[in-house]
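Below are the chains, spelled out letter by letter.
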Amino acid sequence: MIAKRILLTALGLLLGCSAEFPSFPTDAASDADPAPDADVDAAPDTGPPIADAAPDARVDDATTPPDARPDPDASPCPEETCDGLDNDCDGAIDEGVGRPCWPFADEVRGVGRCMDGVETCRAGEWVGDCTGAIGPVDEICNGVDEDCDGQADEDPRPCYDGPPETLGVGRCAAGEEACRRGVWSGECAAPIVPGEETCDGVDEDCDGHIDEAVEGCDPDPDDDQVLGEEDDCPLVFNPDQLDTDGDGAGDACDDDDDDDGVPDEADCQPRDPTRHPGAVERCDGTDDDCDDAVDEGVVQACYGGPEGTEGVGLCRPGVARCVDAAFGPCEGARGPIDESCDGRDEDCDGAVDEGLSPGWLDADGDGYGDALIPPVCPAGLGMVPVAGDCADQDAAVNPGQPDPLDAAGVDTNCDGLDGEVGRLVFVSPDGDDAAAGTPDAPLLTLPAAIARGTQVVDLQGIIVGSGRYAGDVRLAPGVHLYGGYDRAAGWARQGSSTVHAEGPVPHLVAVHAEDLPVETALVDLVITTADASVPGGSVYGVVARRAPGLRLERVVVAVGAAGAGLPGPQAPRRRGRTGGRGGDCGGDAGGARGQRVRARRRRRPGRLPGARWPGRPTGGLRRPRR
């Protein structure tokens, strides 16, 4: 049975279905038996269903973002920012102002020992130097991930436990010694040490001689005068020892001489790895892909305009086609032309209608003209010289406005997105956790997005793309999750985002909200779980502890059914009754304890199957009275 409930709270919050609150062990004590439970039978929850929480000071109106409310106690001197001004009124300019920076590859940022540096501000400008950043270096055996690939001590070192003088002679070769928890293991894996000589053209005893003292042995069976392991085709006559791909197997006995993945018999150029079926055709006058056509479909981008104008304004590159091993004229390119009064940049200098005194109608009087109406040159009376207003009937919406994340999803700065891009992290089911977390390169998972969000200065929140995400998500203080944004629609808020938990674990939890002293919002999300798949298991949409800052807005919680109860205590003569099937939220508790029974002479508790006794209660079970 599926139960659906919406719960808003600013204090400790528990949403889900269970006979009792779950007992989640800490790392330090996960394997230790807690003290025995009190000698009290668990009673079913007979209270009424939990109603919607009363209004709370932390649950903000859907149309008024917290950042927009005036603070009567705010100081007239705010924190210092990098703008060349004395913001905090202490007589110094831009002192102590810094921002995180990272001069290395994005995929290793924040992994292992790699950490951001700090870029400082000087006279209103960022200096460009990143101080204190720790980047990847070669791995050493010390328990630390120096190369920032997510693994520590993964690089082994060579080892050899044969006679030292035999290493590298004949077939003898070094093995590998692994590093474990910062210490070399002392075990040498897979070394090749001297063995007994056999008639196979190999120096097994590693003395520099091949097949010596092996009676009746012929070290050169193909009679090409190349002996033993020196012969790259020991059974095929090939005195030239030609090995085109250098793989150790001579061309005489290699069915893919150039190692391009295509057998020689199907390769139109068996000794050229750049020419084979499926290869990329090049403008070279040859048949690179072995389809009996030359230079077909080969094009390249071209542009003949002044340097620095390509891709600016209306200037665009064209295409040159390959003909007879050479690229022809540039087709379709567009270079700079004289500027005209049309609101476009024809001369591709980054300015629009410059020198023509353009003017735009400004219906709301905010200083920005309507972006959808062409300008007039020269400007008429009452017109403004700047366009870009995406809502010319609302003076609070224009390119000069701040754009906070809000429940209505309004784009107040006309950049096409809700919020300010540099203060957001984007995540989508078709993203990549190694990506930058931007609108064009979103992350893939919520844990990765939350971790990235903790590194963003003045973070507004996580933009959660439409789709489904795996549960067991752990919130971080001040990192808000705003769902329902459709990436395919330019990140407009018109979809739905679901966090779903499932799996064979005792307690399914979709969202963990723990230790959140500052406001941490969940907005426009659907939080669900599967049915508990473990007997005695419980399901929870949101589990909150020490979370006074948690705020839920337009959040739907729909959890599955709790697991069936485990068998109750057992006596020598009779078993207790099996616990009942889990109910929905506010209904009968699931996983009820089985009936206690009496032994002939004395009573004693049974043992729960698969559990230690005394131990943690499972599926709502408690230890019975003695």
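Keep in mind it's a predicted model, so treat the numbers as computed, not measured.

A word on the sheet that holds strand β6 (residues 157-159). The strand order across the open sheet built from three strands is β6-β7-β8, with neighbouring strands paired in antiparallel fashion. Each having just a single partner strand, β6 and β8 (183-189) make up the two edges of the open sheet. Pairwise comparison of adjacent strand axes, ignoring direction, gives a mean angle of 40° for this sheet. Both β6 and strand β7 (residues 175-180) contribute to a ladder of three bridges, which runs antiparallel. Residue pairing for β7: Pro-158 is matched across the bridge by Glu-176.

The next subject is the confidence of the model for the protein chain. For the protein chain, per-residue confidence averages 79 on the pLDDT scale, and 78% of positions sit at 70 or higher. Note on residues 1-15: pLDDT is under 50 here. Beyond four places in sequence and across chains, it has 57 contacts. This stretch, residues 570-626, has a pLDDT under 50; its non-local contacts, to residues over four places away or in other chains, come to 137 contacts.

Judged by which residues are buried, strand β12 (residues 424-427) turns out to be covered on both faces: Leu-424 and Phe-426 on one side and Val-425 and Val-427 on the other are all buried. The pairing of β12 with strand β13 (residues 461-465) spans four bridges and is classified as parallel. Within β13, the residue paired with Val-425 across the bridge is Ile-462. In this region the chain leaves β12, passes through helix α1 (residues 446-453) and returns to the parallel neighbour β13; the handedness of that crossover is right-handed.

Within soluble globular proteins, side chains that are nonpolar tend to cluster in buried spots. Within the largest apolar cluster, 35 residues are counted, with the highest numbers of intra-cluster contacts made by Leu-475, Leu-522 and Leu-550. For this core, the secondary-structure elements that each account for two or more residues are β12, α1, β13, β18 (497-501), β19 (507-514), β20 (520-529), β21 (538-545) and β22 (550-559). With five residues, β22 is the largest single contributor of residues to this core. If sequence neighbours within four positions are ignored, Leu-522 has contacts with Leu-475, Leu-481, Val-511, Ile-527, Leu-550, Arg-551, Leu-552, Glu-553 and Val-555. Residues Leu-405, Leu-417, Ile-463 and Tyr-482 belong to the second largest nonpolar core, which totals ten residues.

Here we take up the state of the cysteines. By the definition in use, this model includes 14 disulfides. One disulfide in the model links Cys-82 with Cys-121; its S-S distance is 2.0 Å. On the sign convention where negative is left-handed, the bridge of Cys-82 and Cys-121, at about 80° about the S-S bond, is right-handed. Remark: Cys-121 occurs in strand β4 (residues 117-122) and Cys-82 occurs in the loop between β2 (14-17) and β3 (98-101); sequence separation between them is 39 residues. In terms of burial, Cys-82 and Cys-121 fall into one category: buried. Here Cys-114 pairs with Cys-148 through a disulfide, and the sulfurs are 1.8 Å apart. The disulfide joining Cys-114 to Cys-148 has a torsion of about 95° about its S-S bond and is therefore right-handed. On the criterion of sequence distance, the pair formed by Cys-114 in the loop between β3 and β4 and Cys-148 in the loop between β5 (125-126) and β6 is long-range, its members being 34 residues apart. You'll find Cys-114 and Cys-148 in the same group, each marked buried.

Turning our eyes to something else, we now look at the pairing of β4. Consecutive residues of a regular strand have side chains that alternate between opposite faces of the sheet. Only one face of β4 is buried: it carries Gly-117, Glu-119 and Cys-121, and the other face, with Val-118, Thr-120 and Arg-122, is open. Strand direction decides the pairing type here: β3 and β4, joined by four bridges, are antiparallel. Residue pairing in the sheet places Arg-99 in a bridge with Glu-119 of β4. Of the pairings in the sheet, the one linking β4 to β5 comprises two bridges and is antiparallel in character. If you follow Cys-121 over to β5, its bridge partner there is Trp-126. Adjacent in sequence and paired antiparallel, β4 and β5 are bridged by two residues, among which Ala-123 carries a positive phi angle near 55°.

So, about the environment of Pro-329. Within the element layout of this structure, Pro-329 appears in the loop between β11 (326-327) and β12. A sequence separation of ten residues divides Pro-329 from Val-319, and the C-alpha atoms of the two residues are 8.2 Å apart. Setting aside residues up to four positions removed in sequence, Pro-329 forms contacts with Val-319 and Ala-320.

Okay, the sheet that holds β5 next. Remark on secondary structure: sheet strands pair via backbone hydrogen bonds, oriented parallel or antiparallel. Taken in spatial order, the three strands line up as β3-β4-β5 in an open sheet, and their pairing is antiparallel. In this open sheet, the two strands that pair with only one neighbour each are β3 and β5.

Glancing now at the pattern of salt bridges. Within the structure shown, the criterion is met by 18 salt bridges. Taking the shortest distance from any N to any O, the salt bridge between Glu-514 and Arg-545 comes out at 3.7 Å. Taken together, the residues span a long stretch of sequence, with Glu-514 in strand β19 and Arg-545 in strand β21 at a distance of 31 residues. A salt bridge links Arg-546 to Asp-515; the nearest nitrogen and oxygen atoms lie 2.6 Å apart. With a gap of 31 residues between them, Arg-546 in the loop between β21 and β22 and Asp-515 in the loop between β19 and β20 connect regions that are remote in the sequence. In the salt-bridge network here, residues are joined through shared partners; they are Asp-418, Arg-493, Asp-524 and Arg-554.

This paragraph deals with the side chain of Thr-520. Inspection of the secondary structure assignment puts Thr-520 in strand β20. Given the relative accessible area of 0%, Thr-520 is considered buried. Polar side-chain contacts of Thr-520 include one of 3.1 Å to the backbone oxygen of Val-518. Dropping the residues within four chain positions of it, Thr-520 is found in contact with Leu-475, Ala-476, Pro-477, Gly-478, Val-479, His-480, Gly-549, Leu-550 and Arg-551.

So, on to unusual backbone geometry. Residues Cys-377 and Pro-378 are joined by a peptide bond in cis, for which omega reads -10°. For Pro-378, the position within the fold is in the loop between β11 and β12. Of note, the phi angle at Ala-325 is positive, near 65°, even though the residue is not glycine. In this structure, Ala-325 sits in the loop between β10 (318-323) and β11. Unusually for a residue other than glycine, Arg-554 sits at a positive phi of about 50°. Relative to the assigned elements, Arg-554 resides in strand β22. For Arg-554, a relative accessible area of 41% gives the class partly exposed.

What follows deals with a nonpolar patch on the surface. Residues Leu-361, Leu-372 and Ile-373 make up a contiguous nonpolar surface patch of roughly 320 Å² in combined accessible area. Following the sequence through the fold, Leu-361 ends up in the loop between β11 and β12.

What counts as what
- Residues numbered from 1 in each chain as written.
- Predicted model: local features only at pLDDT ≥ 70, side-chain atom pairs only at ≥ 80, totals over all residues.
- Heavy atoms only, no water.
- Pairing = 2+ DSSP bridges.
- Helix = DSSP H or I, 4+ residues; strand = E, 2+ residues; numbered from the N terminus.
- Axes fitted to C-alpha atoms, helices over the stretch in contact; angles between N-to-C directions.
- pLDDT = per-residue confidence, 0-100.
- Contact = heavy atoms within 4.5 Å.
- Buried < 20%, exposed > 50% of the residue type's maximum accessible area, 1.4 Å probe, protein only.
- Right-handed = clockwise from strand over helix to strand, strands pointing away.
- Core = buried A, V, L, I, M, F, W, Y, C linked by side-chain atoms within 4.5 Å.
- Disulfide = S-S within 2.5 Å.
- Salt bridge = Lys/Arg side-chain N within 4 Å of Asp/Glu carboxyl O.
- Polar contact = N/O pair within 3.5 Å; in protein donor to acceptor, adjacent residues only side chain to side chain.
- Patch = residues over 30% accessible without salt bridge, like charges linked within 9 Å, V, L, I, M, F, W, Y side chains within 5 Å.
- Areas by Shrake-Rupley, 256 points an atom, 1.4 Å probe, with all protein chains shown as cover.

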